[in-house]
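Architecture at a glance
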Amino acid sequence: MSLKEKLTEDMKQAMRDKESGKLRLSVIRMVRANIKNVEIDRKQELSNDEVLDVLAKEVKMRRDAVEEFNKGNRPDLVESLEQEIVILMNYLPEQLNEAEVRTLVESAVAETQAVSPKEMGKVMAVLMPKVKGRADGKLVNTIVREMLNQ
């Protein structure tokens, strides 16, 4: 079953769940609308990988908003966004922890033989396909910078 089909089935189930599935239904509808918008812009149907990109972008937007709402002392909005993130994470592949990301970064640095921060682009080019959708880009970027600055 493709990711788009799974989203459709989960949306139908959330409709059946009425009260308990309202937030879930809202989040799924919003993601499906964003997927459809990207398809319209590109004039083609998205592959599973491209749908994963849309989902990862949605999670990233919410994480960034959580940071801003924390700064603005808005715990009500933070809680709502965190619930949305949990719902979206169900559709993404299992996330890598920091130790796993560090291991992948070390191998990418060794593979590219990068030694300075100027070569960060080479490392990221090798690394990003391996962590795509499975790790937060900000975390990956931070670890790469840290390793290249040693």
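Notes on the structure follow. (Residues numbered from 1 in each chain as written. Predicted model: local features only at pLDDT ≥ 70, side-chain atom pairs only at ≥ 80, totals over all residues. Heavy atoms only, no water.)

1. Some points on the pattern of salt bridges
If you walk through the whole model with that rule in mind, you get 19 salt bridges. A salt bridge links Glu50 to Arg42; the shortest N-O distance between them is 3.2 Å. With a closest N to O distance of 3.1 Å, Glu98 and Arg102 form a salt bridge. Taken together, the residues Glu98 and Arg102, both in helix α5 (residues 98–112) and four residues apart, mark about one turn of the helix. In this structure, a network of salt bridges that share partners links the residues Lys4, Lys36, Glu39 and Glu45. (Salt bridge = Lys/Arg side-chain N within 4 Å of Asp/Glu carboxyl O. Helix = DSSP H or I, 4+ residues; strand = E, 2+ residues; numbered from the N terminus.)

2. Topic: helix α4 (residues 75–89)
For an α-helix, the turn length of 3.6 residues means that residues three or four places apart are oriented alike. The end-to-end C-alpha separation of α4 is 21 Å, in line with the 21 Å expected for 15 residues at 1.5 Å each. Where α4 is buried, its residues meet α2 (22–42) and α3 (48–71). (Expected span 1.5 Å × (residues − 1). Contact = heavy atoms within 4.5 Å.)

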